[in-house]
Amino acid sequence: MTPVVTGRVNPDTAASTGSATRPAEPRHRVVVIKFGGNAMVDASLQRLFAQDVVELWHAGLHPVVVHGGGPQISAMLDRLGLESRFEAGLRVTTAETMDVVRMVLTGRVQRELVGRINDHGPFAVGLTGEDAHTMTAVRRPAYVDGRPVDIGLVGDIVDVNPGMVRALLEQGHIPVVSPVARGDDGQVYNVNADLAASALAVTLGAERLVVLTDVEGLYADWPRSTEVIRHLTADALAELLPELASGMLPKMEGCLRAVRGGVPRAQVLDGRVPHAVLRGVLGGNGPGTTVVPDTVVAPGTGPDRDLSTV
């Protein structure tokens, strides 16, 4: 795979984007970014994230943002006196909870993020998985310690219609997608943003999936050690997946689905680090964990080998 290092932007400093222009011959590469973690609730990190996304656009890439909203949803549920409960790393979603999820994701979180990006110009356009049947979901089963548990109206993506997203990209826009999807049964489902981003990355033929979180990356032996696994293959990740903590499980499952679905690289980056996206995508040195397909071969071995040019 050709590296996504353009040389047009210094990944260690955020250049001003207000007056920059798109290169005459854009690379036409799609990068799907899942926005979540501390960056969602820290105003300064949110501004830097928006700037990074616009920098990617000016570098000739085509960013697509899929956002979560867990902290904001939990806060609203608490305000309304409704229970927040998680099973297998996913929010248990009743019909009442689903109303709150839609309201918070599309009415607040998406609006804030679109506004942040559009501070730099007329780039971002918001949509949900419901719009133009962009995402179709079915009820997702869940298991805890091998036993099935009912997590309610939580969906798993079974089909992606990328027409609307591609049309926005062709028009020079940055799609910002809320992970809510409709089923063939007419039911609306709450979809984990990590898995929604993964499904969209596969269907769009993205060069890369980037998942922001609020930890340093995938820990090798959590909680006994804070050593971060910098690089691993899909098969290696599949072996680790059953033992992962519930919070990291959907993120790494999304990465695994992406690379097995044809995405050349999936990264989990520490969203608490300023400009983590810019450094990870353009510089190849973002803090976190990179997952690559099993067929990737690179010189050198060991946890510190550099796959940024694979």
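Please read all numbers here as calculations on a predicted model, not as lab measurements. (Residues numbered from 1 in each chain as written. Predicted model: local features only at pLDDT ≥ 70, side-chain atom pairs only at ≥ 80, totals over all residues. Heavy atoms only, no water.)

(A) Geometry of the overall build of the protein chain. When its secondary structure is counted, the protein chain shows eight helices and 16 strands. Relative to its full complement of 310 residues, the protein chain shows a buried share of 53%. In the protein chain, 74% of the contacts between residues at least 6 apart in sequence involve partners at least 24 apart. Here the protein chain has roughly 13200 Å² of accessible surface; of this, 49% comes from carbon and sulfur atoms. (Helix = DSSP H or I, 4+ residues; strand = E, 2+ residues; numbered from the N terminus. Buried < 20%, exposed > 50% of the residue type's maximum accessible area, 1.4 Å probe, protein only. Contact = heavy atoms within 4.5 Å. Areas by Shrake-Rupley, 256 points an atom, 1.4 Å probe, with all protein chains shown as cover.)

(B) Region of interest: the confidence of the model for the protein chain. Averaged over every residue, the pLDDT of the protein chain is 84; residues scoring 70 or more account for 85%. When mean pLDDT is taken per element in the protein chain, strand E10 (residues 174–178) scores highest with 98 and strand E7 (residues 142–144) scores lowest with 85. Long-range and interchain partners of residues 297–310, a stretch whose pLDDT sits below 50, account for 21 contacts in this model, where long-range means more than four residues apart. (pLDDT = per-residue confidence, 0-100.)

(C) Structural detail: the pairing of strand E9 (residues 154–160). Here E9 lies mainly inside the structure; five of its seven residues are buried. Here strand E6 (residues 135–139) pairs with E9 via five bridges, running antiparallel. The residue bridging Met 135 from the neighbouring strand is Val 160, located in E9. Pairing of E9 with strand E12 (residues 188–191) involves two bridges; the strand directions are parallel. Bridge pairing links Gly 155 to Val 191 in E12. (Pairing = 2+ DSSP bridges.)

(D) Representation of the pattern of salt bridges. Within the structure shown, the criterion is met by 13 salt bridges. The closest approach of N and O atoms between Arg 85 and Glu 83, which form a salt bridge, is 3.9 Å. Of the residues examined, Glu 83 reaches a relative accessible area of 56% and is grouped as exposed. The salt bridge partner of Glu 253 is Arg 257, with a shortest N-O separation of 2.6 Å. (Salt bridge = Lys/Arg side-chain N within 4 Å of Asp/Glu carboxyl O.)

(E) Geometry of the nonpolar core. If you look at the biggest cluster of nonpolar residues, it comprises 84 residues, and the most contacted ones within it are Val 32, Phe 49, Val 64, Ile 117, Leu 200, Leu 237 and Met 252. When sequence neighbours within four positions are dropped, the list of residues in contact with Ile 117 reads Ala 50, Val 53, Val 54, Phe 123, Ala 124, Ile 174 and Val 176. Residues Val 92, Ala 142, Ile 151 and Val 154 belong to the second largest nonpolar core, which totals seven residues. (Core = buried A, V, L, I, M, F, W, Y, C linked by side-chain atoms within 4.5 Å.)

(F) Up close: the environment of Leu 56. If you trace the backbone, Leu 56 turns up in helix H1 (residues 43–58). Accessibility expressed as a relative area gives 0% for Leu 56, which makes it buried. With 225 residues separating them along the chain, Leu 56 and Val 281 place their C-alpha atoms 8.3 Å apart. Every residue in contact with Leu 56, bar those within four places of it in the chain, is listed here: Ile 33, Leu 61, Pro 63, Val 277, Leu 278, Val 281 and Leu 282.

(G) Examining the environment of Pro 179 more closely. One can find Pro 179 in the loop between E10 and strand E11 (180–182). The class for Pro 179 is buried, based on a relative accessible area of 2%. Sequence separation between Pro 179 and Asn 190 is eleven residues; the distance between their C-alpha atoms is 6.8 Å.

(H) Main features of the packing of aromatic side chains. The full count for this structure, using the stated rule, is two aromatic pairs. Arranged with centres 4.1 Å apart and planes meeting at 20 degrees, the rings of Phe 35 and Phe 49 form a pair that is stacked. Taken together, the residues Phe 35 in strand E1 (residues 29–35) and Phe 49 in helix H1 connect sequence positions 14 residues apart. Its relative accessible area of 3% is what places Phe 49 among the buried residues. (Phe/Tyr/Trp six-rings, centres within 6.5 Å; stacked < 30°, edge-to-face > 60°.)

(I) Representation of the sheet that holds E10. Spatial ordering of the open sheet is given by E5-E10-E2-E1-E13-E15-E16-E14, a layout of eight strands whose pairing is mixed. Of all strands in the sheet, those bounded by a partner on one side alone are strand E5 (124–128) and strand E14 (231–233). Taken over all neighbouring pairs, the strand axes of this sheet differ in orientation by 20 degrees on average, direction set aside. Where E14 and strand E16 (residues 288–292) come together, three bridges link them in parallel fashion. Note that in E16 the partner of His 231 across the bridge is Thr 290. Sheet contacts for H1: E1, strand E2 (61–67), E10 and strand E13 (208–213); angle to E2, the most-contacted strand, approximately 150 degrees. Set on the sheet, helix H3 (residues 95–118) makes contact with E1, E2, E5 and E10; between it and E5 the angle comes to about 160 degrees. (Axes fitted to C-alpha atoms, helices over the stretch in contact; angles between N-to-C directions.)

(J) Fine view of helix H5 (residues 193–204). Taking 1.5 Å per residue, twelve residues should reach 16 Å; H5 reaches 16 Å between its end C-alpha atoms and fits that length. Across the twelve residues that make up H5, a large majority, ten, are buried. Where H5 is concerned, the buried positions are Ala 193, Asp 194, Leu 195, Ala 196, Ala 197, Ser 198, Ala 199, Leu 200, Ala 201 and Leu 204. Its side-chain oxygen at 2.9 Å from the backbone nitrogen of Asp 194, Asn 192 defines the N-terminal cap of H5. Positive backbone phi, approximately 65 degrees, marks Gly 205, located one or two places after H5. (Expected span 1.5 Å × (residues − 1). Polar contact = N/O pair within 3.5 Å; in protein donor to acceptor, adjacent residues only side chain to side chain.)

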